[in-house]
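An overview of the molecular structure
Chain by chain, the residues:
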Amino acid sequence: MRWGTMRLETLADKAVSLGIKAIALTDINDSGGLIDFVDACNKRGIKPIGGIDFREGYKRLYIGIARSNEGLHQLNSFFTDYNLSKSKLPVRAPELPEVYFLYPLHCLFLQQHAEFTPNLRPDEFVALPPSEAPLLHRLRGKVPLHRIVFCQSVSFSGAKEYELHCHLRAIDNNILLSSLKPEMTARQSDSFLLQETFLQLQAQFPEVMCNTMQLMDNCCLEYDFVAAKNKLHFTESLEDDAALLKKLAWEGFQYRYGAGNDAVKVRMERELQIILQMKFAAYFLITHDIVQYGLWKGYYHIGRGSGANSLIAYCLRITDVDPIKLELYFERFLNPKRSSPPDFDIDYSWNNRDDIFNYIFRRHKQGYTALLGTVSTFSGRSTLRELGKVYGLPKKEIDRLTDEPAHRLNGGPVVEKIVSVSSSLRDFPNLRSIHAGGVLISELPITHYSALHLPPKGLPTVQWDMFTAEKIQLHKYDILSQRGIGHINDAAAMIRERHDPNFDIHNIPHIMADEKVADNLYAANSLGCFYIESPAMRQLLKKLRCRDYLTLVAASSIIRPGVAGSGMMSEFIRRFHAQDNIEYLHPVFKEQLGETYGVMVYQEDVMKICHHYAGLDLGDADVLRRAMSGKYRSSNAFAEIEEGFFKGAAALGRDRANAEEAWRQISSFAGYSFCKAHSASYAVESYQSLYLKTYYPREFMAAVINNFGGFYRTWVYVQEARRTGVKVCLPCVNRGLMLTSLNGDELYLGLIHIKGLEKKWIQGIPAERVAGGSFLDLPDFVNRTGIPFEQIRILIKTGALRFTGMSKPQLITFARLFCAKSVIPETPGSMLFNFPVREFVLPVPEPTTVREDAWQEFEILGFPVTLNHFGLLPEFKHPAVNASNLHEYIGKFVTVSGKLVTTKPVRTVHGDSMMFGNFLDADANFIDTVHFPDSLKNYPVHWDGIYLLWGRVIDEFGVLSLEVHKCKRLDMYREGGEKLRVGAIEAYGRPDPLSQHETMLISG
């Protein structure tokens, strides 16, 4: 990374074109590319050889060449030990039985390294670049010729790519291009040699060339791309695994279904047969073991993705989605005809996941478990920014180039060069990172496939990504995290503490049958609830009059970007409101797709039609479904299944024209459809969140605020908490905690929300209060905590020291004098006696006003608490129209006022910019807006703040919004006349969007 400029496929193609029969890949301190390299070489008939180029900084120490797969294992293990221990590589390579080591010429005469001797071992060679072949004459008598080999480094294909290489090196070193030193880069000659050069070497130095060829002949690297590489069994044997899986599955069956029915039992037996046939028992058992640990620890989890199609996964409590109730096909998850390995997606709260990771690494053998890596690539504005630094552009010019690419000042040869190089670097590997949650547990040590490194996460991580893992059949376990689960976890904990010790949020059937929850779903009263709180989702819930689980599952699918962009969402809504006029292509379509009004919303719907309309078995139907997504559309298997579809349809008596239309519909829908099991899992979590918000709104909103995650910013959730009837209180050192907490009917914002307050005080102040009791006054607070004046001042301005009864100006004056005259102990709270505080005669300054307090809250917390945002406006008269009476003005032009919450920019079919907006009125009710291109161009919405909006009220399937024609951001001033500064983006278009006359018209 940030070195070579040739893709592996390009490397292999170039070798073929030059008649090269064997080639070695030795990435710098990395073996992550070898699996893909071997695959590329095999497909082109080239012998692949692999190893690692070991370097300390810029200096090459030696190159390790694997003689075999075991040799690569030895190399990976050797390098892993140094990576995990964070120690330096040895100057001399270790003796590894299946590895050759090649030293650069400068390491041969090793006066600077006394531990290294010129006496090379049988596994050690001197690597000489062909360009330095004349030096062989000087080496005679110093190094035996049979210990020398030719070694040509290849990092780029020519002069143009050498220039690209230099840009990569400058980026990597974070220096100007002109500051690059020769040792930081490859040599300009590090590209492929012509065959004539090799023939000349052969003629002039036959012995060295013979050594080189013999070394390469002795090396061989192969990978099995068919057999599964995961841990083969969870117990001591496959037989024991089978017995244990059956036992746990049938026990779970009783838990989920009781006696059950024969059809469900038949499904259970079929799944067990496929799982055991494909040797996936250990995969299920290991996942079950992880889930059981989480349940034992009290961690809430969501099992989602295609794994929810499995009845056994449901019975093992890996998921809470009933595949029988939702008619989910197991073959969508696992079937003998599936070419890629499936995986379970298990979501935990963000603050529980690390413990789950640690458990997995403790539970399984060291060296057999690793996190899955990933590689970020150069793309978009980030590349322009990196190159701008390489060329020494000032930050302002870089910002203009990235944020306003069409700006008239973005010109000249330097900018043109940056843009050109940026285009060439697109999709180049940039930085190694960690997969969002992938964990690998293999049968053989992971170092058989990759060296491991230790990222900041602190757990061993492989040097390649999920696509490479999939290629060698090493199936990952996805242990993911999301804030929505944290909302549920924390709210449930507060409910158990405040109301019911036995509260259980897992009674899903009870929650889904609750009428009050259904009412809130219908009203889209879902702020803070995972996946159903965004403006678009709340609008969709209203348009679909959603009151039940199945409708919510459909809504969670059709709102996905690809689905919505294809027009399926609009078609689904239209059909929902015209159900009597739906024309189904065939009775099978009505029977199988009646739930979704004939629209193939789900990937399972594609399988349904293929299976029931054309008679394909579910395995072939899943292959076809995957092929329709484009991944395998060109394969022979796809053509065979397409032919099978029409043959099957004909065998069932389907008319050819009807079958062709069915195929067309499948083709048009399949690429956009979504996994139903995935949406069903999300819908379960949405129901749980909505249940908490319905019956325990205060605890739920406190949990949402504390998890710092959701669609909106914190102030929106604070507003929503206030709507539940709770009194929102400013942070308080005597009543609050680090996080937001409930005290009766009062919600105290946590100290963590105070900008500028250091972490040690955020944590230390509540800890001192718990240990030593409430603070008596300001001197007691200062003496016990040892907090400095500047930090005290922040607390005073926030109102966190209001327990003293003194005004803010008095507190600041007193704190300044007290901190200047007092001796604060080095160890807070360590004073044996509390001496009387010297009395100061203080002036009595004017106390701050309510508006000034709100301003200070706005500055420090990011939002006002004493007043809402509208209270910061000087003598503002609200328009008569607001969210509550908007329905009275459908089709009419009105003026409303709203605090900007969020915006969603989009492009029209003609490429013009438009926007959807979301505002809160003075009563904290939402107003949705639409800004078409002309309006947005003349009246842009860029900055945070309160806006006057003038436009027409429109009604779309019962959802009201304002089609904005004009708008103006209202200035907010302090009482002293200082104007509020918000937002970092300069407004474009008209600097004053509305004239005074226009403002009067809107206000009137």
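Rules of the game
Per chain, residues are indexed from 1 in the order of the written sequence. Per-residue local features of the predicted model are confined to residues with pLDDT of at least 70, and side-chain atom pairs are confined, for both listing and counting, to 80 or more; whole-chain, interface and lining totals are unaffected and use all residues. Side-chain metrics rest on all non-hydrogen atoms present in the structure, leaving aside hydrogens and water. The rule for pairing is simple: two strands pair if DSSP sees at least two bridges between them. Starting at the N terminus, helices and strands are each numbered in turn, a helix being any DSSP run of H or I of at least four residues and a strand any DSSP run of E of at least two. Each axis is a line fitted through C-alpha atoms, and for a helix only the stretch in contact is used; angles between axes span 0 to 180 degrees, taken between their N-to-C directions. Without a salt bridge and with relative accessible area above 30%, a residue can belong to a patch; like charges are then joined within 9 Å and nonpolar side chains (Val, Leu, Ile, Met, Phe, Trp, Tyr) within 5 Å. Here the open area of atoms and residues is found with the Shrake-Rupley method and a 1.4 Å probe, where only the protein chains shown may cover a residue. Here a salt bridge means any side-chain nitrogen of Lys or Arg lying within 4 Å of a carboxyl oxygen belonging to Asp or Glu. When accessible area is computed with a 1.4 Å probe and restricted to protein chains, residues below 20% of their type maximum are described as buried, those above 50% as exposed, and intermediate ones as partly exposed. Throughout, a residue-residue contact means that at least one pair of heavy atoms, one from each residue, lies within 4.5 Å. As used here, the arc belongs to the directions running from the helix axis to the C-beta atoms. Polar contact is the term for a pair of N or O atoms within 3.5 Å; when the atoms are in protein, one must be able to donate a hydrogen and the other to accept it, and sequence-neighboring residues count only if both atoms are side-chain atoms. Two kinds of site are reported from a 1 Å grid over the protein atoms alone, namely cavities, where a 1.4 Å probe fits but cannot get out, and pockets, open sets with protein on both sides within 12 Å along at least five of seven lines, and residues are called lining when an atom falls within 4 Å of a point. Grid points are joined across faces, edges and corners, and a volume is the space filled by probe spheres set on the points. The nonpolar class holds Ala, Val, Leu, Ile, Met, Phe, Trp, Tyr, Cys and Pro. Asp, Glu, Lys and Arg form the charged class, and all remaining residues, Gly among them, are polar. Here a crossing is called left-handed whenever its near helix is offset anticlockwise from the far helix by less than a right angle, and right-handed whenever the offset is clockwise.

A short note on the sheet that holds strand β2 (residues 47–56)
Strands sit in the order β1-β2-β3-β4-β5-β6 across an open sheet of six strands; the sheet is mixed. In the strand order of this sheet, the two ends are held by β1 (22–28) and β6 (148–150), each with one partner. Along the sheet, successive strands turn relative to each other by an average axial angle of 35°, direction set aside. Direction of pairing for β2 relative to strand β3 (residues 59–66): antiparallel, over a ladder of six bridges.

What about a nonpolar patch on the surface?
A surface patch of nonpolar side chains, amounting to about 220 Å² of accessible area, comprises F708, L739 and I752. When you line up the elements, I752 lands in the loop between β16 (746–748) and α32 (759–772). The partly exposed category is assigned to I752, whose relative accessible area is 33%.

Re the environment of P336
Note that P336 resides in the loop between α11 (311–315) and β8 (345–349). Accessibility expressed as a relative area gives 48% for P336, which makes it partly exposed. Sequence separation between P336 and I275 is 61 residues, and the spatial gap between their C-alpha atoms is 9.4 Å. In contact with P336, other than residues within four places in its own chain, are I274, Q277 and M278.

Details of the side chain of T369
Inspection of the secondary structure puts T369 in strand β9 (residues 369–377). Here T369 falls in the buried class, since its relative accessible area comes to 3%.

Things to note about the sheet that holds strand β18 (residues 913–920)
Pairing is mixed around the closed barrel formed by five strands, whose spatial order is β17-β18-β19-β21-β20. Looking at each pair of strands side by side, their axes are set apart by 50° on average, direction ignored. By the bridge criterion, seven bridges tie strand β17 (residues 893–907) to strand β20 (residues 946–956) in an arrangement that is antiparallel. Bridged to V896 within β20 is L949. Sitting on the sheet, helix α31 (residues 714–723) touches β17, β18 and β19 (926–931), and the angle it makes with β17 is about 135°.

Describing helix α19 (residues 515–522)
In an α-helix, one turn spans 3.6 residues; hence positions three or four apart end up facing the same way. Taken together, the buried positions of α19 are V517, A518, N520 and L521. Viewed along the axis of α19, the buried residues span an arc of 160°, placing them on a single side of the element. For α19, exposure combined with an orientation more than 90 degrees from the buried face picks out E515 and K516. On its buried face, α19 sits against α18 (508–512), α20 (535–543), α21 (549–558) and α29 (676–695). Taking the backbone nitrogen of K516 as reference, a side-chain oxygen 2.9 Å away marks D514 as the first, capping residue of α19. Once α19 ends, the next one or two residues include A524, with phi positive near 55°.

Thoughts on the layout of surface pockets
Its boundaries defined by the atoms lining it, the second largest pocket holds a volume of some 1300 Å³. A536, M537, I559, M569 and K904 are, among the 45 residues lining the second largest pocket, the residues nearest its centre. With six residues, α20 is the largest single contributor of residues to the lining of the second largest pocket. When the residues that make up the lining of the second largest pocket are grouped by side-chain class, the tally is 20 nonpolar, 16 polar and nine charged.

Focus: the packing of helix α17 (residues 483–498) against α29
Look at α17 against α29: their axes get within 10 Å of each other, and the N-to-C directions meet at 35°. Here α17 and α29 pass one another in a crossing that is left-handed. Across from G484, I485, I488, A491 and I495 in α17, the residues of α29 making contact are E685, Q688, S689 and L692. Split by residue class, the contact of α17 with α29 holds five nonpolar, three polar and one charged.

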